[in-house]
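Here is how the chains run, residue by residue.
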Amino acid sequence: MIMPFTKPIISIENVVASATIDQKLDLKDITKKFPDVEWHPEQFPGAVFRIKNPKTATLLFGTGKMVCTGAKSEELARKAVKMVVQKLRKGGIKIKKDATVTIQNIVASINLGGKISLEQAARTLPRSMYEPEQFPGVIHRIVDPKTVILLFASGKLVCTGGKTEKDVYRAVNNLHSMLEEKNLMIYD
């Protein structure tokens, strides 16, 4: 039974952003002034600065570079980095410039609302790999926008590698259209 084309439900799960403030950070001083900041230099060189809203963890490095994870949108990732810099300043850490933020990766989960014929999808979609003994989904690489989408028989997808939310939506919608056109979607 063929159902009318339904819109995929796309949920941004994690945005990873890198940032720099173009100056060195004294992590020892930061951990003294912020007891909640985790730092175990013998295990990992970065200190972990967590904030509750938006719920994120920002790694701080002595070089002045940062990596923020856990945000649910590009906007929240930028906001989180800004908040960390503001909190550091309020706590007496001298930071001359605002952070320059770059989105590195966006991970999204998607529900297409129908099942996918994986064997056929792997044969039909270009740049796809399917080895069910090793991984239960089809790994599909998209050139533009440069993303990787994991397709599962349940009709659920995971999209990774997008640099903007727009990239994620475009990649997913293009793939969904292709699955529909090639009759690779199964609706109950």
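Nothing here was measured: the structure is a model prediction, and the numbers come from that model.

The rules we used
Residues numbered from 1 in each chain as written. Predicted model: local features only at pLDDT ≥ 70, side-chain atom pairs only at ≥ 80, totals over all residues. Heavy atoms only, no water. Salt bridge = Lys/Arg side-chain N within 4 Å of Asp/Glu carboxyl O. Helix = DSSP H or I, 4+ residues; strand = E, 2+ residues; numbered from the N terminus. Buried < 20%, exposed > 50% of the residue type's maximum accessible area, 1.4 Å probe, protein only. Pairing = 2+ DSSP bridges. Phe/Tyr/Trp six-rings, centres within 6.5 Å; stacked < 30°, edge-to-face > 60°. Expected span 1.5 Å × (residues − 1). Lys, Arg positive; Asp, Glu negative; His and termini not counted. Contact = heavy atoms within 4.5 Å.

A. Summary view of the pattern of salt bridges. Counted according to the given criterion, the structure contains seven salt bridges. With a closest N to O distance of 3.0 Å, Lys-97 and Asp-22 form a salt bridge. Here Asp-22 lies in the loop between strand S1 (9–20) and helix H1 (27–33) and Lys-97 lies in the loop between helix H2 (74–90) and strand S5 (100–111), a separation of 75 residues in the sequence. Classification of Lys-97 as partly exposed rests on a relative accessible area of 46%. The shortest N-O distance in the salt bridge between Arg-89 and Asp-98 comes to 2.9 Å.

B. How the structure looks around the pairing of strand S9 (residues 147–151). Counting buried residues along S9, five of its five residues qualify, which places the element largely inside the surrounding structure. The alternating pattern of S9 places Thr-147, Ile-149 and Leu-151 and Val-148 and Leu-150 on opposite faces, both of which are buried. By the bridge criterion, five bridges tie strand S8 (residues 138–142) to S9 in an arrangement that is antiparallel. By the bridge assignment for S9, Ile-139 is matched with Leu-150. Where S8 hands over to S9, the hairpin turn is made up of four residues, counted between the paired strands. Bridge count between S9 and strand S10 (residues 156–162): four bridges; the pairing is antiparallel. By the bridge assignment for S10, Leu-150 is matched with Val-158. Counting the residues that bridge the hairpin from S9 to S10 gives four residues, and of these Gly-155 lies at a positive phi of roughly 90 degrees.

C. Structural view of the packing of aromatic side chains. Applying the stated criterion across every chain yields a total of three aromatic pairs. Their ring planes at 65 degrees and their centres at 5.8 Å tell us that Phe-44 and Phe-61 sit as a pair that is edge-to-face. With Phe-44 in the loop between H1 and strand S2 (47–51) and Phe-61 in the loop between strand S3 (56–60) and strand S4 (65–71), this pair connects stretches of sequence that are 17 residues apart. A relative accessible area of 38% means that Phe-44 is categorised as partly exposed.

D. Examining unusual backbone geometry more closely. The omega torsion of the bond from Asn-53 to Pro-54 falls at 0 degrees, within 30 degrees of zero and hence cis. Positionally, Pro-54 belongs in the loop between S2 and S3. For the bond from Asp-144 to Pro-145, the omega torsion is 0 degrees, close enough to zero to count as cis. Assignment of secondary structure puts Pro-145 in the loop between S8 and S9. The backbone phi angle of Asp-22 is positive, close to 55 degrees, even though this residue is not glycine. Residue classification places Asp-22 among the exposed residues on the basis of a relative accessible area of 52%. Despite not being glycine, Arg-127 has its phi angle at roughly 55 degrees, a positive value. Among the secondary structure elements, Arg-127 is positioned in the loop between helix H3 (118–124) and strand S7 (128–129).

E. Broad picture of helix H4 (residues 165–181). For H4, spanning 17 residues, the distance from its first C-alpha to its last is 24 Å, which sits close to the expected 24 Å at 1.5 Å a residue. Within H4, the full set of buried residues consists of Asp-167, Val-168, Ala-171, Val-172, Leu-175, His-176, Leu-179 and Glu-180.

F. Highlighting the side chain of Asp-167. Along the polypeptide, Asp-167 turns up in helix H4. One buried charged residue, Asp-167, forms no salt bridge at all, with the nearest opposite charge on Arg-170 at 4.1 Å. Discounting chain neighbours no more than four positions away, the residues touching Asp-167 are Pro-145 and Gly-162.

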